[in-house]
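# Inside the fold
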Amino acid sequence: MTQANINQDARSMPDLLLVASKLSKRFGGLQALSDVSFSICKGDIYGLIGPNGAGKTTLFNVLTSLYVPESGTCNFMGHQLTRLKPHEIAIVGIARTFQNIRLFGSLSAIENVMIGRHIRTRAGVWGAITRNKSTRSEEAAVEQRAHELLEYVGIAHRANDVASSLPYGDQRRLEIARALATDPTLLALDEPAAGMNASETVVLRRLIEKIRNDGVTVLLIEHDMKLVMGLCNRVLVLEYGKVLAEGRPAEVQRNPKVIEAYLGAGSAEVAVGVSA
Ligand SMILES: Nc1ncnc2c1ncn2[C@@H]1O[C@H](COP(=O)(O)OP(=O)(O)O)[C@@H](O)[C@H]1O
Ligand SMILES: [Mg+2]
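Residues numbered from 1 in each chain as written. Chains lettered and ligands numbered in written order. Predicted model: local features only at pLDDT ≥ 70, side-chain atom pairs only at ≥ 80, totals over all residues.

Attention now goes to the overall build of the chain. When you go through the chain residue by residue, the secondary structure sums to 11 helices and 10 strands. Split into buried and exposed, the 276 residues of the chain put 39% on the buried side. For the chain, contacts bridging at least 24 residues in sequence account for 64% of all contacts bridging at least 6. (Helix = DSSP H or I, 4+ residues; strand = E, 2+ residues; numbered from the N terminus. Buried ≥ 20, exposed ≤ 12 C-beta atoms within 10 Å, placed from the backbone. Contact = placed C-beta atoms within 7 Å.)

Below, the structure written as structure tokens:
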């Protein structure tokens, strides 16, 4: 049995949250994902890395039903994700943020979070708009929860600011608050540190740890290698849509194929620097 098998077995079967099997996605002549298989356990901070164009965002889009794969399956707590509609993804317990931030720019920060919350209310978004009598107390609870979430991600002082006026790092945290408003079991973050400076990245790292410690499993696409290797307990490396490596960060970092993909051929000796 290989070391990789042993580590896989150490993450016990009842804790499996998501099992992706042989997912493939093509765009015209481009094979963006080829037979990608991996599994995420409850409590993981699961890293997804790979050079630009490797297929990371495409994989997120397949997991969140924005794209239908040509083949493969993805089981999430008994749900077959590839058969769900995009709006059903949040209902089964997956929330995500986007590489290119997607907020309602002209709405306030708190309104953005409240919109995320409405999939968990009886009245839904329509009830919130029409604001009939029966929905008002529910609406107050939604606003209260949205405030708590803004506090949780550290931007409560921005509650009434228009989303597009927030600094970049705060917009990323607002997206996380909006995603958390759906009460996810799995939170998928697509390059949350992009555009953040070093001190903002440290705060983000603490936030991701806090989210996991509070019981939400995290799937993280990130370019910042130091962040990934320090934060994730498991890492999947994609290259040209294929799985290049999977395992614990220390193993993945030592993998010559990974070193070559990141630093170019013949760079294995200098790769220790990647770990920082
Ligand atoms: N909607 C799309 N239509 C056509 N090609 C796409 C589409 N989305 C992604 N691609 C292509 O698929 C490949 C993987 O892209 P992506 O998943 O965004 O990579 P990553 O997130 O790892 O940088 C790239 O070559 C990209 O140009
Ligand atoms: Mg991407």
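One open sheet holds the four strands; their spatial order is β2-β1-β4-β5, and the pairing between them is antiparallel. Two strands close off the open sheet at either side, each with one partner strand: β2 (30-41) and β5 (79-80). Bridge analysis of strand β1 (residues 16-27) against β2 gives eight bridges, and the strand direction is antiparallel. Bridged to L16 within β2 is C41. Sitting on the sheet, helix α2 (residues 56-63) touches β1, β2 and β4 (71-76), and the angle it makes with β2 is about 65°. (Pairing = 2+ DSSP bridges. Axes fitted to C-alpha atoms, helices over the stretch in contact; angles between N-to-C directions.)

Moving on to the site of ligand 1. In the vicinity of ligand 1, the contacting residues are F27, L30, A32, G50, N52, G53, A54, G55, K56, T57 and T58. Contributions of two or more residues to the shell around ligand 1 are made by β2 and α2. In terms of residue count, the dominant contributor to the shell around ligand 1 is α2 (three residues). Here the residues of the shell around ligand 1 sort into four nonpolar, six polar and one charged. (Near = placed C-beta within 6 Å. Nonpolar A, V, L, I, M, F, W, Y, C, P; charged D, E, K, R; others polar.)

Before going further, it helps to spend a moment on helix α4 (residues 109-117). Counting buried positions over the nine residues of α4 gives seven, a clear majority of the element. The elements touched by buried residues of α4 are α6 (136-153) and α7 (168-180).

Before going further, it helps to examine the sheet that holds strand β9 (residues 234-239). Across the sheet, six strands lie side by side as β6-β7-β8-β3-β9-β10; this open sheet has mixed pairing. If you trace the sheet from one side to the other, it starts and ends with β6 (94-96) and β10 (242-247), each paired once. For this sheet, the mean angle separating the axes of adjacent strands, direction not counted, is 15°. Here three bridges tie β6 to strand β7 (residues 186-190), and the two strands are oriented parallel to one another.

Now for the packing of α4 against α6. At a minimum axis distance of 9 Å, the contact between α4 and α6 shows a crossing angle of 115°. You can see that α4 and α6 cross each other, and the crossing is right-handed. Listed contacts from α6 to A109, I110, V113, M114 and R117 of α4 are V142, E143, R145, A146, H147, L149 and L150. In the contact of α4 with α6, the residues fall into eight nonpolar, one polar and three charged. (Left-handed = near helix turned anticlockwise from the far one by under 90°.)

Our focus in this paragraph is unusual backbone geometry. For K22, which is not glycine, the phi torsion reads 50° and is therefore positive. When you line up the elements, K22 lands in strand β1. Phi at S65 takes a positive value of approximately 65°, unusual for a residue other than glycine. Along the chain, S65 turns up in the loop between α2 and β4.

One broad rule of soluble globular proteins: the nonpolar side chains tend to lie buried together. Core analysis: the largest hydrophobic core is formed by 74 residues, its most contacted members being V113, L150, A177, L187, V218, L220 and V237. Considering each element in turn, this core owes the most residues, six residues, to β2. Looking at this core, you find at least three residues from each of domain 1 (1-93 + 184-276) and domain 2 (104-183). (Core = buried A, V, L, I, M, F, W, Y, C linked by C-beta atoms within 7 Å. Domains from an automatic or database assignment.)

Between β1 and β2, which pair antiparallel one after the other, the connecting turn spans two residues, and G28 there sits at a positive phi close to 55°. Looking at chain direction, β1 and β4 are connected through five bridges and run antiparallel. Within the sheet, the bridge partner assigned to V19 lies in β4 and is N75.

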